[in-house]
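# A structural walkthrough
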Amino acid sequence: MSKTTVTTQLVDPLHTKQVKRITAVHKGFLYQHLYGVACLLTVIREPEARLIVEHDEDLEIRLNGRSPYIQVKLRNRPLQYSDISGSIEQFRDIRAEHAKGKRTGT
């Protein structure tokens with residue numbers, strides 16, 4: 001049998017800003033899942049409750065005809081209105097779809 005040798009070499013990243021962004025994304029998904037577990041533990045007794053974990057760090061809880069949307073984000077500075085303005089616009093669009101009857105629940 002031949003013997004295989006594995007070595008590990010740590011190198012400095014080429015783009016430290018990219019490493020920071022990747023780290024932030026992973027932390028964001030970690031917080032999303034931790035918050036999702038907290039939501040599950042909160043609504044687990046409700047037979048019709050549903051928790052939807054979306055691919056963009058968002059959570060949606062469907063409970064008693066209501067659909068609260070939760071955006072889980074990790075920031076390296078205090079939250080600013082510009083950080084959430086797109087989400088607020090998206091929520092307005094979702095509410096309009098509910099009002100038109102194109103989405104169920106409230």
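Structural notes, computed from the coordinates. The structure presented is a predicted model; accordingly, all values stated were derived computationally and were not measured.

Relative to the assigned elements, E60 resides in strand β2 (residues 58-62). Given a relative accessible area of 4%, E60 falls into the buried group. Every residue in contact with E60, bar those within four places of it in the chain, is listed here: R50, L51, I52, E54, S67, P68, Y69 and R103.

Our focus in this paragraph is the pattern of salt bridges. Pairing between side chains of opposite charge can happen when their charged atoms approach one another. The tally for this structure, following the rule as stated, stands at 1 salt bridge. Across the pair R62 and E60 runs a salt bridge, and its minimum N-O distance is 2.8 Å. A relative accessible area of 40% places R62 in the partly exposed class.

Strand order in the open sheet formed by 3 strands is β1-β2-β3, and the pairing between neighbours is antiparallel. Two strands lie at the open edges of the sheet, namely β1 (50-53) and β3 (69-71), each paired on one side alone. Looking at each pair of strands side by side, their axes are set apart by 20° on average, direction ignored. Examined bridge by bridge, β1 and β2 share 4 bridges and lie antiparallel to one another. When the sheet's bridge partners are listed, I52 is paired in β2 with E60.

Rules used throughout
- Residues numbered from 1 in each chain as written.
- Predicted model: local features only at pLDDT ≥ 70, side-chain atom pairs only at ≥ 80, totals over all residues.
- Heavy atoms only, no water.
- Helix = DSSP H or I, 4+ residues; strand = E, 2+ residues; numbered from the N terminus.
- Buried < 20%, exposed > 50% of the residue type's maximum accessible area, 1.4 Å probe, protein only.
- Contact = heavy atoms within 4.5 Å.
- Salt bridge = Lys/Arg side-chain N within 4 Å of Asp/Glu carboxyl O.
- Pairing = 2+ DSSP bridges.
- Axes fitted to C-alpha atoms, helices over the stretch in contact; angles between N-to-C directions.

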